[in-house]
Amino acid sequence: MDVVMHAEVREFAEHALPLLQADPVRNTMALTVLTGALNNDDPDVVMITVQEGGRTVGAAFRTPPWPFIVSGLPPRTHAAVVEHLMREGIECGGFSGPRDAADSLMALWTDATGEVALHSLALRLHRLVEFTPPDVPGAFRWAVEDDIPLLGLWWDEFDVESHVGGGLGDAGEVMVRRSFASGVRRFGMWCDPDGTAVAMAGVSPPLHGMSRIGPVYTAKDQRGRGYGSAVTAAVTQAALDQGAREVLLFTDVTNPVSNAIYRRIGYRPVLEAVEHRLPVANTLDV
(Lines give C-alpha, C1' and ligand atoms only; values in the text may rest on other atoms or scores of the structure.)
Protein backbone atom coordinates (compact mmCIF):
# COMPACT_ATOMS: atom_id res chain seq x y z
CA MET A 1 0.00 0.00 0.00
CA ASP A 2 1.56 3.29 -1.16
CA VAL A 3 0.52 6.84 -0.25
CA VAL A 4 1.10 9.16 -3.21
CA MET A 5 1.20 12.98 -3.21
CA HIS A 6 -0.23 14.80 -6.23
CA ALA A 7 0.86 18.23 -7.43
CA GLU A 8 -1.85 18.82 -10.05
CA VAL A 9 -5.57 18.95 -9.26
CA ARG A 10 -6.55 17.41 -12.58
CA GLU A 11 -4.15 14.52 -12.16
CA PHE A 12 -5.46 13.90 -8.65
CA ALA A 13 -9.05 14.04 -9.91
CA GLU A 14 -8.31 11.37 -12.52
CA HIS A 15 -7.37 9.00 -9.71
CA ALA A 16 -9.84 10.14 -7.05
CA LEU A 17 -13.08 10.81 -8.93
CA PRO A 18 -13.95 7.19 -9.79
CA LEU A 19 -13.56 6.29 -6.12
CA LEU A 20 -15.60 9.27 -4.88
CA GLN A 21 -18.30 8.91 -7.53
CA ALA A 22 -18.99 5.35 -6.42
CA ASP A 23 -20.78 6.79 -3.35
CA PRO A 24 -21.77 10.41 -4.10
CA VAL A 25 -23.86 10.71 -0.91
CA ARG A 26 -21.04 9.78 1.44
CA ASN A 27 -18.59 11.86 -0.61
CA THR A 28 -20.83 14.87 -1.20
CA MET A 29 -18.43 17.34 0.42
CA ALA A 30 -15.38 15.90 -1.34
CA LEU A 31 -17.06 15.99 -4.75
CA THR A 32 -18.30 19.55 -4.34
CA VAL A 33 -15.01 20.96 -3.05
CA LEU A 34 -12.97 19.07 -5.65
CA THR A 35 -15.19 20.43 -8.42
CA GLY A 36 -14.54 23.95 -7.12
CA ALA A 37 -10.79 23.31 -7.04
CA LEU A 38 -10.92 22.05 -10.63
CA ASN A 39 -12.95 25.04 -11.81
CA ASN A 40 -10.63 27.49 -10.06
CA ASP A 41 -7.43 25.57 -10.90
CA ASP A 42 -6.51 25.97 -7.23
CA PRO A 43 -2.72 25.58 -6.78
CA ASP A 44 -2.85 25.30 -2.98
CA VAL A 45 -4.73 22.01 -2.67
CA VAL A 46 -2.87 19.27 -0.77
CA MET A 47 -3.81 15.92 -2.35
CA ILE A 48 -3.04 12.28 -1.56
CA THR A 49 -4.20 8.97 -2.92
CA VAL A 50 -3.56 5.48 -1.61
CA GLN A 51 -2.51 2.96 -4.25
CA GLU A 52 -2.62 -0.80 -3.94
CA GLY A 53 -1.95 -3.27 -6.72
CA GLY A 54 -2.17 -0.54 -9.33
CA ARG A 55 -5.58 0.64 -8.09
CA THR A 56 -6.63 3.74 -6.21
CA VAL A 57 -8.15 2.53 -2.94
CA GLY A 58 -8.23 5.82 -1.03
CA ALA A 59 -8.21 9.57 -1.63
CA ALA A 60 -8.15 12.67 0.56
CA PHE A 61 -7.33 16.33 0.09
CA ARG A 62 -7.46 19.69 1.80
CA THR A 63 -7.64 23.33 0.76
CA PRO A 64 -5.58 25.11 3.43
CA PRO A 65 -6.33 26.12 6.11
CA TRP A 66 -9.24 23.66 6.16
CA PRO A 67 -8.80 20.05 7.36
CA PHE A 68 -8.39 17.05 5.10
CA ILE A 69 -11.67 15.78 3.65
CA VAL A 70 -11.38 12.06 4.38
CA SER A 71 -14.64 10.42 3.27
CA GLY A 72 -12.67 8.62 0.55
CA LEU A 73 -10.27 6.88 2.94
CA PRO A 74 -11.39 3.38 4.03
CA PRO A 75 -10.25 2.25 7.50
CA ARG A 76 -7.45 0.00 6.27
CA THR A 77 -5.67 3.03 4.76
CA HIS A 78 -5.70 5.20 7.89
CA ALA A 79 -2.47 4.07 9.53
CA ALA A 80 -0.53 4.43 6.26
CA VAL A 81 -1.94 7.93 5.66
CA VAL A 82 -1.10 9.20 9.15
CA GLU A 83 2.40 7.69 8.92
CA HIS A 84 2.95 9.40 5.55
CA LEU A 85 1.73 12.81 6.75
CA MET A 86 4.02 12.63 9.75
CA ARG A 87 7.05 11.36 7.83
CA GLU A 88 6.73 14.06 5.17
CA GLY A 89 5.99 16.81 7.68
CA ILE A 90 2.70 17.69 6.00
CA GLU A 91 0.45 20.03 7.96
CA CYS A 92 -2.97 18.36 7.96
CA GLY A 93 -5.14 20.90 9.79
CA GLY A 94 -7.33 18.06 11.04
CA PHE A 95 -9.79 15.60 9.52
CA SER A 96 -13.32 16.15 8.23
CA GLY A 97 -15.82 13.56 7.07
CA PRO A 98 -18.02 10.69 8.23
CA ARG A 99 -17.26 9.74 11.81
CA ASP A 100 -15.97 6.28 10.91
CA ALA A 101 -13.15 7.95 8.97
CA ALA A 102 -12.53 11.27 10.73
CA ASP A 103 -12.66 9.90 14.29
CA SER A 104 -10.30 7.04 13.44
CA LEU A 105 -7.74 9.31 11.75
CA MET A 106 -7.91 11.86 14.56
CA ALA A 107 -7.31 9.16 17.16
CA LEU A 108 -4.33 7.78 15.24
CA TRP A 109 -2.91 11.29 14.85
CA THR A 110 -3.28 12.03 18.56
CA ASP A 111 -1.69 8.72 19.52
CA ALA A 112 1.27 9.41 17.22
CA THR A 113 1.83 13.12 17.89
CA GLY A 114 0.08 13.98 21.16
CA GLU A 115 -1.86 16.71 19.34
CA VAL A 116 -5.56 16.95 20.12
CA ALA A 117 -8.27 18.73 18.17
CA LEU A 118 -8.70 22.41 19.00
CA HIS A 119 -12.32 22.18 17.97
CA SER A 120 -14.67 19.42 16.82
CA LEU A 121 -17.91 20.20 15.03
CA ALA A 122 -20.54 17.43 15.04
CA LEU A 123 -22.63 17.32 11.88
CA ARG A 124 -25.46 15.20 10.50
CA LEU A 125 -25.96 14.55 6.79
CA HIS A 126 -29.56 14.36 5.58
CA ARG A 127 -31.01 13.26 2.25
CA LEU A 128 -34.36 14.17 0.72
CA VAL A 129 -36.77 11.24 1.01
CA GLU A 130 -40.31 12.60 0.74
CA PHE A 131 -40.53 16.21 -0.40
CA THR A 132 -43.17 18.27 1.43
CA PRO A 133 -42.73 21.98 0.67
CA PRO A 134 -44.24 24.39 3.22
CA ASP A 135 -46.83 27.06 2.50
CA VAL A 136 -45.15 30.33 3.49
CA PRO A 137 -46.13 33.89 2.46
CA GLY A 138 -43.68 35.54 0.09
CA ALA A 139 -41.80 34.63 -3.05
CA PHE A 140 -38.58 32.99 -4.18
CA ARG A 141 -35.99 34.46 -6.52
CA TRP A 142 -32.41 33.72 -7.50
CA ALA A 143 -29.73 36.05 -6.19
CA VAL A 144 -27.97 38.43 -8.57
CA GLU A 145 -24.66 40.26 -8.29
CA ASP A 146 -26.28 43.22 -6.52
CA ASP A 147 -27.19 40.82 -3.69
CA ILE A 148 -23.58 39.80 -3.02
CA PRO A 149 -22.91 42.25 -0.14
CA LEU A 150 -26.05 41.09 1.70
CA LEU A 151 -25.30 37.43 1.01
CA GLY A 152 -21.76 37.97 2.29
CA LEU A 153 -23.05 39.55 5.49
CA TRP A 154 -25.46 36.66 6.04
CA TRP A 155 -22.69 34.14 5.34
CA ASP A 156 -20.52 35.77 8.02
CA GLU A 157 -23.40 35.69 10.51
CA PHE A 158 -24.10 32.06 9.62
CA ASP A 159 -20.44 31.19 10.30
CA VAL A 160 -20.53 32.88 13.71
CA GLU A 161 -23.76 31.18 14.77
CA SER A 162 -22.93 27.72 13.42
CA HIS A 163 -19.17 27.72 14.13
CA VAL A 164 -18.72 26.27 10.64
CA GLY A 165 -16.14 28.87 9.64
CA GLY A 166 -14.47 29.02 13.01
CA GLY A 167 -12.10 31.75 11.88
CA LEU A 168 -10.60 29.57 9.14
CA GLY A 169 -12.47 30.64 6.04
CA ASP A 170 -12.40 33.77 3.95
CA ALA A 171 -14.87 36.54 4.66
CA GLY A 172 -18.41 35.76 3.52
CA GLU A 173 -18.42 38.17 0.60
CA VAL A 174 -15.24 36.59 -0.77
CA MET A 175 -16.83 33.16 -0.54
CA VAL A 176 -20.01 34.34 -2.26
CA ARG A 177 -18.09 36.01 -5.08
CA ARG A 178 -16.04 32.85 -5.53
CA SER A 179 -19.25 30.82 -5.77
CA PHE A 180 -20.67 33.20 -8.37
CA ALA A 181 -17.46 33.01 -10.41
CA SER A 182 -16.96 29.24 -10.25
CA GLY A 183 -20.58 28.17 -10.59
CA VAL A 184 -20.24 25.53 -7.86
CA ARG A 185 -23.05 27.12 -5.85
CA ARG A 186 -26.11 29.27 -6.65
CA PHE A 187 -27.97 31.29 -4.04
CA GLY A 188 -31.70 31.47 -3.70
CA MET A 189 -33.44 34.18 -1.69
CA TRP A 190 -36.85 34.25 -0.04
CA CYS A 191 -38.63 37.60 -0.05
CA ASP A 192 -41.42 38.52 2.33
CA PRO A 193 -44.79 39.72 0.97
CA ASP A 194 -43.36 43.27 0.76
CA GLY A 195 -40.53 42.06 -1.48
CA THR A 196 -37.74 42.35 1.10
CA ALA A 197 -35.14 39.59 1.05
CA VAL A 198 -35.28 37.78 4.39
CA ALA A 199 -33.49 34.44 3.90
CA MET A 200 -30.96 32.70 1.68
CA ALA A 201 -29.98 29.16 0.75
CA GLY A 202 -27.09 27.99 -1.38
CA VAL A 203 -27.39 24.96 -3.65
CA SER A 204 -24.85 23.16 -5.79
CA PRO A 205 -25.82 22.16 -9.32
CA PRO A 206 -26.18 18.38 -9.76
CA LEU A 207 -22.79 16.67 -9.51
CA HIS A 208 -22.79 12.95 -10.26
CA GLY A 209 -26.53 12.96 -9.57
CA MET A 210 -26.19 14.83 -6.25
CA SER A 211 -26.94 18.41 -5.17
CA ARG A 212 -26.23 19.80 -1.70
CA ILE A 213 -28.02 22.62 0.08
CA GLY A 214 -26.13 25.14 2.20
CA PRO A 215 -25.57 27.51 3.77
CA VAL A 216 -29.12 28.36 4.86
CA TYR A 217 -29.66 31.57 6.81
CA THR A 218 -32.60 33.73 7.90
CA ALA A 219 -32.15 37.34 8.99
CA LYS A 220 -32.25 37.53 12.79
CA ASP A 221 -35.28 39.80 12.95
CA GLN A 222 -37.26 37.59 10.54
CA ARG A 223 -37.06 34.22 12.25
CA GLY A 224 -39.94 32.04 13.34
CA ARG A 225 -41.99 32.76 10.21
CA GLY A 226 -40.96 29.79 8.07
CA TYR A 227 -38.70 31.72 5.71
CA GLY A 228 -35.74 29.36 6.17
CA SER A 229 -37.97 26.39 5.38
CA ALA A 230 -39.40 28.16 2.36
CA VAL A 231 -36.07 29.05 0.77
CA THR A 232 -34.69 25.57 1.48
CA ALA A 233 -37.72 24.00 -0.19
CA ALA A 234 -37.40 26.34 -3.18
CA VAL A 235 -33.76 25.47 -3.90
CA THR A 236 -34.57 21.79 -3.25
CA GLN A 237 -37.21 21.95 -5.98
CA ALA A 238 -34.72 23.69 -8.27
CA ALA A 239 -32.18 20.89 -7.73
CA LEU A 240 -34.81 18.27 -8.53
CA ASP A 241 -35.86 20.19 -11.64
CA GLN A 242 -32.22 20.22 -12.77
CA GLY A 243 -32.05 16.44 -12.54
CA ALA A 244 -30.57 15.76 -9.10
CA ARG A 245 -31.29 12.21 -7.96
CA GLU A 246 -30.08 12.97 -4.44
CA VAL A 247 -30.54 16.27 -2.58
CA LEU A 248 -28.49 16.52 0.60
CA LEU A 249 -27.77 18.93 3.42
CA PHE A 250 -25.73 19.04 6.61
CA THR A 251 -27.04 20.20 9.97
CA ASP A 252 -25.40 20.94 13.29
CA VAL A 253 -26.22 17.98 15.53
CA THR A 254 -26.65 20.32 18.50
CA ASN A 255 -29.27 22.50 16.77
CA PRO A 256 -32.67 20.83 17.26
CA VAL A 257 -34.51 23.65 15.46
CA SER A 258 -32.80 23.17 12.10
CA ASN A 259 -32.99 19.38 12.35
CA ALA A 260 -36.76 19.58 12.95
CA ILE A 261 -37.28 22.10 10.12
CA TYR A 262 -35.58 19.94 7.53
CA ARG A 263 -37.39 16.83 8.70
CA ARG A 264 -40.74 18.55 8.06
CA ILE A 265 -39.63 19.34 4.50
CA GLY A 266 -38.81 15.67 3.94
CA TYR A 267 -35.11 15.24 4.78
CA ARG A 268 -33.98 12.21 6.78
CA PRO A 269 -30.62 11.48 8.48
CA VAL A 270 -28.07 9.43 6.54
CA LEU A 271 -24.87 9.55 8.57
CA GLU A 272 -23.07 11.34 11.36
CA ALA A 273 -20.04 13.42 10.40
CA VAL A 274 -17.46 15.47 12.26
CA GLU A 275 -14.84 18.08 11.56
CA HIS A 276 -11.79 17.85 13.82
CA ARG A 277 -9.55 20.90 13.59
CA LEU A 278 -5.88 21.02 14.49
CA PRO A 279 -3.71 24.14 14.80
CA VAL A 280 -2.65 25.52 11.41
CA ALA A 281 0.14 27.92 10.57
CA ASN A 282 -1.57 29.59 7.64
CA THR A 283 -4.91 30.73 9.06
CA LEU A 284 -6.51 33.29 6.79
CA ASP A 285 -7.62 36.73 7.92
CA VAL A 286 -11.37 37.26 7.94
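Thresholds, definitions, all that
- Residues numbered from 1 in each chain as written.
- Predicted model: local features only at pLDDT ≥ 70, side-chain atom pairs only at ≥ 80, totals over all residues.
- Heavy atoms only, no water.
- pLDDT = per-residue confidence, 0-100.
- Contact = heavy atoms within 4.5 Å.
- Core = buried A, V, L, I, M, F, W, Y, C linked by side-chain atoms within 4.5 Å.
- Buried < 20%, exposed > 50% of the residue type's maximum accessible area, 1.4 Å probe, protein only.
- Helix = DSSP H or I, 4+ residues; strand = E, 2+ residues; numbered from the N terminus.
- Axes fitted to C-alpha atoms, helices over the stretch in contact; angles between N-to-C directions.
- Parallel < 35°, antiparallel > 145°, perpendicular 65-115°, else oblique.
- Left-handed = near helix turned anticlockwise from the far one by under 90°.
- Pairing = 2+ DSSP bridges.
- Right-handed = clockwise from strand over helix to strand, strands pointing away.
- 1 Å grid on protein atoms, 1.4 Å probe; cavity = no way out; pocket = protein on both sides within 12 Å on 5 of 7 lines; lining within 4 Å.
- Points joined across faces, edges and corners; volume = space filled by probe spheres on them.
- Nonpolar A, V, L, I, M, F, W, Y, C, P; charged D, E, K, R; others polar.
- Phe/Tyr/Trp six-rings, centres within 6.5 Å; stacked < 30°, edge-to-face > 60°.

**Concerning the confidence of the model for the protein chain**
Here comes step 1: Chain-level statistics for the protein chain give a pLDDT mean of 92 and a share of 94% at 70 or above.
Here comes step 2: Confidence drops under a pLDDT of 50 for residues 282–286, and excluding neighbours within four residues, the segment shows 14 contacts in the predicted structure.

**Considering the nonpolar core**
Here comes step 1: Ranked by size, the top nonpolar core spans 25 residues in total, and within it V9, F12, L20, L34, V45, M47 and F61 carry the most contacts.
Here comes step 2: Contributions of two or more residues to this core are made by α1 (9–21), α2 (28–40), β3 (55–62), β6 (119–128) and β12 (267–277).
Here comes step 3: Considering each element in turn, this core owes the most residues, 6 residues, to α1.
Here comes step 4: In terms of nonpolar packing, the next biggest core, distinct from the first, is built from 23 residues, V70, A80, F95 and W109 among them.

**Concerning the packing of helix α5 (residues 148–162) against helix α6 (residues 172–182)**
Here comes step 1: Running from N to C, α5 and α6 cross one another at 125°; their axes reach a closest spacing of 7 Å. Relative to α6, α5 is oriented oblique. Handedness of the crossing formed by α5 with α6: right-handed. Counted together, I148, P149, L151, G152, W155 and D156 of α5 and G172, E173, M175, V176, R177 and F180 of α6 form the full contact between these two elements.

**A short note on the pairing of β3**
Here comes step 1: Of all 8 residues in β3, 7 are buried, a share of seventy percent or more.
Here comes step 2: Relative to β3, strand β2 (residues 46–52) runs antiparallel, the two sharing 7 bridges. Looking across to β3, one finds that M47 is bridged to F61.
Here comes step 3: The hairpin formed by β2 and β3 contains 2 residues between the paired strands, and G53 there has a positive phi angle of roughly 60°.

**Let's talk about the pairing of strand β10 (residues 210–218)**
Here comes step 1: Most of β10 sits out of view: 9 of its 9 residues are buried.
Here comes step 2: Relative to β10, strand β9 (residues 197–203) runs antiparallel, the two sharing 4 bridges. Its bridge partner lying in β10, M200 is registered against Y217.
Here comes step 3: Here β9 folds back onto β10, and the loop between the two strands holds 6 residues, one of which, H208, carries a positive phi near 55°.
Here comes step 4: Two elements, β10 and strand β11 (residues 246–252), share 4 bridges in a ladder whose sense is parallel. Its bridge partner lying in β11, I213 is registered against L249.
Here comes step 5: Between the parallel pair β10 and β11, the chain is carried across by helix α7 (residues 227–241), and the sense of this crossover is right-handed.

**Some words on empty space enclosed by the protein**
Here comes step 1: Scanning the entire structure with this criterion turns up 1 cavity of 30 Å³ or more.
Here comes step 2: Here the largest cavity is characterised by a volume of approximately 50 Å³.
Here comes step 3: Taken together, T32, V184, R185, S204, R212, I213 and G214 form the lining of the largest cavity.
Here comes step 4: Take the lining of the largest cavity: its biggest share by element is 3 residues, from β10.
Here comes step 5: Of the residues that constitute the lining of the largest cavity, the class distribution is 2 nonpolar, 3 polar and 2 charged.

**Digging into the packing of aromatic side chains**
Here comes step 1: This model, assessed by the stated rule, comprises 7 aromatic pairs.
Here comes step 2: Judged by centre distance (6.2 Å) and plane angle (65°), the ring pair of F95 and W109 falls under edge-to-face. Note that F95 is positioned in strand β5 (residues 94–98) and W109 in helix α4 (residues 99–113), a separation of 14 residues in sequence. Pair check on accessibility: F95 and W109 agree, each one buried.
Here comes step 3: Among the aromatic residues, those joined into a cluster by ring pairs are W155, F180 and F187.

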